[in-house]
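Okay, here's what each chain looks like letter by letter:
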Amino acid sequence: MLLTLVFGCNALTLYVILKTKSDKLFDKVIRYVVWISLFHSAYAFLSRYYFEELSFIDRAAPFGLLYGPMLFFLSFSNHEKWLSRSNVIKHGSPFLVATIGYVIFLIFPEWRRDYGLYYFEILYSGVVVSMVGYVLYIFLNHKKAISDNHVRKLINSGATWLLLIASLLASIIVSKILRKEDIGSLLPGIIIYGAMLFVSFLIFKYSINNLLAQAGVKEELEETVPLSAPRQYQKSALTVEILREYEQKLNTMMETEQVFLDTELSLESLSRKVKIPKHHLTQLFNTKINQTFYQYINTYRINHSCKLLLEEPETNLEEIAFKSGFNSKVTFNRYFKNQMGCTPSEYR
């Protein structure tokens, strides 16, 4: 049941990701992570339910050696040098070597009988070292990692679950190998695949938000030209004084709370935050401010990005974009050039 949920969640997430068609490097890495998780859950399901008497097939599979490197590549996907082919091969080599050993043990039962205990000892110890090592490396180099809040939460959750799984595997090494005890496959399976389900759900949630944000970009393109006092506002009950009060309230919130840094900020969410009805807020933008919602918000974002470009010379432009509230580097560059008359790199 648990594996079915993991597989279903990954399949649905993959559908959303392919629908989004994002060109961000982080989203490309996410796509590979989902493919691997999808294959892992399908493999585990087939081996557990169709080869139940051969528990070795599932329990000895070296998939655990992939999750540390995957978290590493997600954490540093804003630095393309970390995703070079040679780097991918280097970090994936332990899994490739373990896979060769795994296939040999599957083909030759006598090897499995004579050396199976050593195989488990080496594999599980390797997975523990891999997971803990990658989490520690990411933690110690967190300043170089992605700064987007939603992405950071996703990576932190993944790191937490990796440590939990590593603790479980360490206990298995102690109980099964050193004490010659067998704790069975039920509890480890529940924890490991439960962790996979939780992380899969987080990735699904991230992908949905990404899809909605992309829809917001379309809305942004549709609203690039502000309306000038349309007829629908000519009979409005909002007076000039009320509009002025609304504008002051809105500007104060922007300057003190910096809500424009929220990459998922929309007209609806801004209306709730500032406690101004949505249709009143729309009228304020169109008749008093003479800007669309996106033009108004992105003006603050560009001003903020100008400060970051000067204060953080080592931070790359994609990070600057996310830190300033933009969902994509493309949108950031377009608005920056429109407002400042030059590209972000030229400004820096």
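No experiment lies behind these values; they were computed from the predicted model shown.

**Here we look at unusual backbone geometry**
Turning to step 1, where the next piece is worked out: For Gln258, which is not a glycine, the phi torsion comes out positive at approximately 50°.
Turning to step 2, where the next piece is worked out: By relative accessible area, Gln258 is classed as partly exposed at 32%.
Turning to step 3, where the next piece is worked out: In this model, Asn290 sits at a positive phi of 60°, which is unusual for a non-glycine residue.
Turning to step 4, where the next piece is worked out: By the element assignment, Asn290 lies in the loop between helix H11 (278–289) and helix H12 (293–311).

**Remarks on a nonpolar patch on the surface**
Turning to step 1, where the next piece is worked out: A cluster of nonpolar side chains, namely Val103, Leu106, Ile107, Phe108, Trp111, Tyr115, Tyr118 and Ile122, defines an oily patch on the protein surface of about 820 Å² accessible area.
Turning to step 2, where the next piece is worked out: When residues of the nonpolar patch are traced back to their parent elements, those giving at least two are helix H5 (85–107) and helix H6 (109–140).
Turning to step 3, where the next piece is worked out: No other element matches H6, which puts 4 residues into the nonpolar patch.
Turning to step 4, where the next piece is worked out: Relative to the assigned elements, Trp111 resides in helix H6.

**Considering the confidence of the model for the protein chain**
Turning to step 1, where the next piece is worked out: Model confidence for the protein chain is summarised by a mean pLDDT of 79, while 82% of its residues fall at 70 or above.
Turning to step 2, where the next piece is worked out: Model confidence for the protein chain, summarised as mean pLDDT per element, is weakest for helix H8 (residues 186–222) at 67 and strongest for H12 at 91.
Turning to step 3, where the next piece is worked out: Here residues 217–229 is modelled with pLDDT under 50, and outside its nearest four sequence neighbours on either side it reaches 21 contacts, counting other chains as well.

**Description of the pattern of salt bridges**
Turning to step 1, where the next piece is worked out: Applying the stated criterion across every chain, the model contains 4 salt bridges.
Turning to step 2, where the next piece is worked out: For Arg113, the salt bridge is made with Asp114, and the minimal N-O distance between the two is 3.7 Å.
Turning to step 3, where the next piece is worked out: Arg113 sits in the exposed class, given a relative accessible area of 62%.

**A few points about the packing of aromatic side chains**
Turning to step 1, where the next piece is worked out: Counted under the stated rule, the structure contains 21 aromatic pairs.
Turning to step 2, where the next piece is worked out: Look at Phe326 and Tyr335: their rings are 6.4 Å apart centre to centre, the planes differ by 35°, and that puts the pair in the tilted class.
Turning to step 3, where the next piece is worked out: With relative accessibility at 1%, the residue Phe326 sits in the buried group.
Turning to step 4, where the next piece is worked out: Ring-pair connections join several aromatic residues into one group, and the members of that group are Phe260, Phe285, Phe293, Tyr294, Tyr296 and Tyr300.
Turning to step 5, where the next piece is worked out: Its guanidinium or amino end placed over the ring of Phe326, Arg301 lies 5.7 Å from that ring's centre, counting from NZ or CZ.

**Topic: the packing of helix H2 (residues 25–50) against helix H4 (residues 64–75)**
Packed helices, taken two at a time, are described by the angle between their axes plus the distance between the axes.
Turning to step 1, where the next piece is worked out: The interhelical angle for the contact between H2 and H4, taken along N-to-C directions, is 165°, at an axis separation of 9 Å. As far as their axial angle goes, H4 and H2 are roughly antiparallel. Crossing of H2 against H4: the hand is left-handed. Only Leu66, Tyr67, Met70, Phe73 and Leu74 of H4 make contact with H2, whose side of the interface consists of Phe26, Val29, Ile30, Val33, Ile36, Ser37 and His40.
Turning to step 2, where the next piece is worked out: Of the residues in the contact of H2 with H4, the class split is 10 nonpolar, 2 polar and no charged.

Calculation notes
- Residues numbered from 1 in each chain as written.
- Predicted model: local features only at pLDDT ≥ 70, side-chain atom pairs only at ≥ 80, totals over all residues.
- Heavy atoms only, no water.
- Buried < 20%, exposed > 50% of the residue type's maximum accessible area, 1.4 Å probe, protein only.
- Helix = DSSP H or I, 4+ residues; strand = E, 2+ residues; numbered from the N terminus.
- Patch = residues over 30% accessible without salt bridge, like charges linked within 9 Å, V, L, I, M, F, W, Y side chains within 5 Å.
- Areas by Shrake-Rupley, 256 points an atom, 1.4 Å probe, with all protein chains shown as cover.
- Salt bridge = Lys/Arg side-chain N within 4 Å of Asp/Glu carboxyl O.
- pLDDT = per-residue confidence, 0-100.
- Contact = heavy atoms within 4.5 Å.
- Phe/Tyr/Trp six-rings, centres within 6.5 Å; stacked < 30°, edge-to-face > 60°.
- Lys NZ or Arg CZ within 6 Å of the ring centre and 35° of its normal.
- Axes fitted to C-alpha atoms, helices over the stretch in contact; angles between N-to-C directions.
- Parallel < 35°, antiparallel > 145°, perpendicular 65-115°, else oblique.
- Left-handed = near helix turned anticlockwise from the far one by under 90°.
- Nonpolar A, V, L, I, M, F, W, Y, C, P; charged D, E, K, R; others polar.

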